[in-house]
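Structural features, examined
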2 protein chains.
Amino acid sequence: MRVINFNAGPAGLPLPALERARDELLDFQGSGMSVMEHSHRGKEYESVHNEAISLLTELLGIPDTHQVLFLTGGASQQFAQVPMNFLPPGASADYLMTGVWSEKAYEEAKLVGQARIAATTVLPDKRYVRVPRQDELQLDPKAAYVHVTSNNTIYGTQWHRWPDVGNVPLVADMSSDFMWKPMDVSRFAFIYAGAQKNLGPSGVLIAVARKDFIARGRKDIPKIFRYSTHAENNSLYNTPPTLAIYLCRNVLAWAKQVGGVARLEQWNREKGELLYGALDKHAGFYHAPVERESRSYMNVVFKLPTPELDDTFVAEAKKAGMVGLKGYRTMGGIRASIYNAVTVDNVRTLVSFMEEFVRKNG
Amino acid sequence: MRVINFNAGPAGLPLPALERARDELLDFQGSGMSVMEHSHRGKEYESVHNEAISLLTELLGIPDTHQVLFLTGGASQQFAQVPMNFLPPGASADYLMTGVWSEKAYEEAKLVGQARIAATTVLPDKRYVRVPRQDELQLDPKAAYVHVTSNNTIYGTQWHRWPDVGNVPLVADMSSDFMWKPMDVSRFAFIYAGAQKNLGPSGVLIAVARKDFIARGRKDIPKIFRYSTHAENNSLYNTPPTLAIYLCRNVLAWAKQVGGVARLEQWNREKGELLYGALDKHAGFYHAPVERESRSYMNVVFKLPTPELDDTFVAEAKKAGMVGLKGYRTMGGIRASIYNAVTVDNVRTLVSFMEEFVRKNG
């Protein structure tokens, strides 16, 4: 029996996407072999590859100015690869600091070139409970780019209004909320997202790149690290992670089948409102630290009155068939990650459990 | 029905490894979720991760001086990452040129630092039909490392006696013949191999690194690109490609179950002798360009009297249930890749087909 999976990532995937993979794992479309045994240059795999790109293009309404890329190494590699491509000697890049992942991105950029903090909401105890307001941004109008982390898995914050960065290229790490709702891709020069939250298994990264921006990237870095190399070769310069891309294709096909990204947003908003509603209703018992305007619809963090009650909550939820609720190791408390594959019913089950837990322990 | 798969990579995998993946794709060991939906920090995935490492360590007899790493980006990324780690300013690295892949490795190294060609067997028409002899190596005793490509998928050559490089660290790209036979790992400072030939699906790379060598690697490069980062974190610094590593674990478990790497070598030698035996027997019809001492036991390349006969051969083989025999796009002819998952019986079937083809067309 399948459990309800609130993992922060790698996260649960839609059951139809997994069933499709299982059913054809030994024999992909009558070809007599698994999709992972096909050549990446053969027509069978190429049709999967191109279908994944066209589904994503359709679902997000990606304009012709932009191109979808499949890369590897996860978001952590992009923390280095972005400045390698876009931060030439003498230039500087602006970083908006909203948590552990933007800190890591900034630290890697400093090893490549000149990076500066254009805003931070860090508290004296190192936590973050909100993203910056527009009037807090101290932007360098000559910056090579501005880097933003759209959603923060650890602190449970999310940007709900994109920062206005004028004419400076905006680069976004959307690993943990990519495709959670429709978006205007044209605002961004470069978007990157590890697949393992909303899109597929770990081991593949999706980028949506403005073509003229990546074409201007540095050419004196190794060829494999230039985004232009992958753009010119339709992400087939070297052997891509074919099985991982195939699974993303399955997830994207599911997303289309259920009604597209507008439907996903509707479900995600309903899920968030159910969970935050329960937290607000029992604010004396459940403590949700994130400021209202910055609350994440992907990762909902909260604490119970004592660490012992946190542990009891996690253990009893597990008995009730819900896993992955333990907070990030340095944070403690509870984290419910409610990515696209988590259903409204799953969240209703969690909310009922929370109500019952208050009655018994409040 | 499964076909006989002679793909050069991604290549066929052992059926038991795939069946195991299929059977538990929706529910890994009764956990109620797929292995790809588990957290990389949870005990379920960690046991898979550590089992893959311990199986490989056992199968190759990897000594305590060395460590297994799981990386991403394929061998093409290592072409850049190796010099980033081991080629500091002022130093030089030696490259042994035996084909397209060593050329690519050399080109990337030149973008990072100073690289020199210490030997090449390239012909005036750009092909390679053998690897260099020891007396042809013009080694720099002060080189930071010597880089060798152990097997050449495109030209079908293979090193059968490692180059003697004295005290200079030896770095090897073993992507296409890793684990084809037992080996003395201690000869190498750094071995890397994309999984998609002998080990698993594309999307994960296995490295076997001498611990003191990678510890001395450069620290002024981005953290994600330092081998020491991944060594210190047991390849869990960032989210690894968990599903790909799980599949490698299944393949390694299969290798152990069938009798270990000595058994794989026995099968591989038998397969090679069957195929090269048929080519030699009908040398007037099948032209095998590689010199005898450099013949690859992984990729067997040959040509028929005319390109039209090559095409007929590929088409009729396909009708007989054998795929992946078309030569590399720039090479033409036939290439039979006979990695570990290809059975002796599979090769017998191909050899019978070749005999019959000569009778009909010779």
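Residues numbered from 1 in each chain as written. Chains lettered and ligands numbered in written order. Predicted model: local features only at pLDDT ≥ 70, side-chain atom pairs only at ≥ 80, totals over all residues. Heavy atoms only, no water.

Let's talk about the overall build of chain A
Scanning chain A from N- to C-terminus turns up 10 helices and 13 strands. The C-alpha atoms of chain A give a radius of gyration of 21 Å, which matches the 21 Å a tight globule of 362 residues would have. Counting across all 362 residues of chain A, residues that qualify as buried make up 64%. Put simply, of all contacts in chain A between residues at least 6 apart along the chain, 68% involve residues at least 24 apart. For chain A, the distance from the average site of its 41 positive side-chain charges to the average site of its 38 negative ones is 2 Å. (Helix = DSSP H or I, 4+ residues; strand = E, 2+ residues; numbered from the N terminus. Rg over C-alpha atoms; globule rule 2.2 N^0.38 Å. Buried < 20%, exposed > 50% of the residue type's maximum accessible area, 1.4 Å probe, protein only. Contact = heavy atoms within 4.5 Å. Lys, Arg positive; Asp, Glu negative; His and termini not counted. Charge placed at Lys NZ, Arg CZ, Asp CG, Glu CD.)

Some points on the side chain of Gln-81 of chain A
Residues and elements named next belong to chain A. With respect to the helices, strands and loops of the structure, Gln-81 is situated in helix α3 (residues 74-86). On the basis of relative accessibility, which here comes to 3%, the residue Gln-81 falls in the buried class. If near-sequence neighbours (up to four positions away) are discounted, Gln-81 is found in contact with Ile-224, Phe-225 and Tyr-227.

What about the pattern of salt bridges?
All names here are of chain B. Counted according to the given criterion, the structure contains 44 salt bridges over all chains. Here Arg-269 ties to Glu-265 by a salt bridge, and the two come within 2.9 Å at their closest N and O atoms. Residue Arg-269 and its partner Glu-265 are located together in helix α8 (residues 260-281), separated by four residues, close to a single helical turn. Take Arg-269: its relative accessible area is 27%, and that puts it in the partly exposed class. (Salt bridge = Lys/Arg side-chain N within 4 Å of Asp/Glu carboxyl O.)

Quick word on the sheet that holds strand β2 (residues 66-71) of chain A
Residue and element names in this part refer to chain A. Spatially, seven strands are ordered β2-β10-β9-β8-β5-β3-β4 in an open sheet, and the strand pairing comes out mixed. Sheet topology places β2 and β4 (114-120) at the edges, where each strand pairs with a single neighbour. Across the sheet, the axes of successive neighbouring strands diverge by a mean angle of 20 degrees, strand direction being ignored. Set on the sheet, helix α2 (residues 43-60) makes contact with β2 and β10 (205-210); between it and β2 the angle comes to about 135 degrees. (Pairing = 2+ DSSP bridges. Axes fitted to C-alpha atoms, helices over the stretch in contact; angles between N-to-C directions.)

Quick notes on the interface of chain A and chain B
The interface of chain A with chain B comprises 59 residues on the first partner and 59 residues on the second. In this assembly, chain A packs against chain B so that about 4,600 Å² is buried in total across both faces, 59% of it on carbon and sulfur atoms. Among the residues of chain A in contact with chain B, Leu-26, Met-36 and Glu-37 of chain A are the three that bury the most area, contributing 14% of the side total. Viewed at the interface, chain B and chain A are joined by two salt bridges. Between Arg-2 of chain A and Glu-37 of chain B there is a salt bridge, with its nearest N and O atoms 2.6 Å apart. (Buried area = accessible area lost by both parts, 1.4 Å probe.)

Examining the sheet that holds strand β5 (residues 146-149) of chain B
Residue and element names in this part refer to chain B. The seven strands lie next to each other as β2-β10-β9-β8-β5-β3-β4, forming an open sheet whose pairing is mixed. In this open sheet, the two strands that pair with only one neighbour each are β2 (66-71) and β4 (114-120). Averaged over all pairs of adjacent strands, the angle between their axes in this sheet comes to 20 degrees, without regard to strand direction. The sheet contact formed by strand β3 (residues 92-97) and β4 spans six bridges and is parallel. Counted as the bridge partner of Leu-96 is Ala-119 from β4. In this fold helix α2 (residues 43-60) packs onto β2 and β10 (205-210), with an angle of close to 135 degrees to the strand it touches most, β2. Contacts between helix α3 (residues 74-86) and the sheet are confined to β2, β3, β8 (170-173), β9 (190-194) and β10, with β9 contributing the most and set at about 160 degrees to the helix.

Description of the packing of helix α7 (residues 242-258) of chain A against helix α8 (residues 260-281) of chain A
Residue and element names in this part refer to chain A. Packing of α7 against α8 leaves a shortest axis separation of 7 Å and a crossing angle of 80 degrees. Taken together, α7 and α8 sit at an angle that is classed as roughly perpendicular. Contacts from Trp-254, Ala-255, Lys-256 and Val-258 of α7 reach α8 at Gly-260, Arg-263, Leu-264 and Trp-267. By residue class, the composition of the contact of α7 with α8 is five nonpolar, one polar and two charged. (Parallel < 35°, antiparallel > 145°, perpendicular 65-115°, else oblique. Nonpolar A, V, L, I, M, F, W, Y, C, P; charged D, E, K, R; others polar.)

Some points on the domain arrangement of chain A
Residues and elements named next belong to chain A. Domain boundaries assigned for chain A yield domain 1 (15-258) and domain 2 (260-361). The straight-line distance from the C-alpha centre of domain 1 to that of domain 2 is 27 Å. At the interface, 27 residues of domain 1 touch 26 residues of domain 2. Of the roughly 2,300 Å² buried where domain 1 meets domain 2, counting both sides, 60% is carbon and sulfur surface. The largest contributions to the domain 1 side of the interface with domain 2 come from Ile-154, Trp-180 and Val-258, which together make up 25% of the buried area. (Domains from an automatic or database assignment.)

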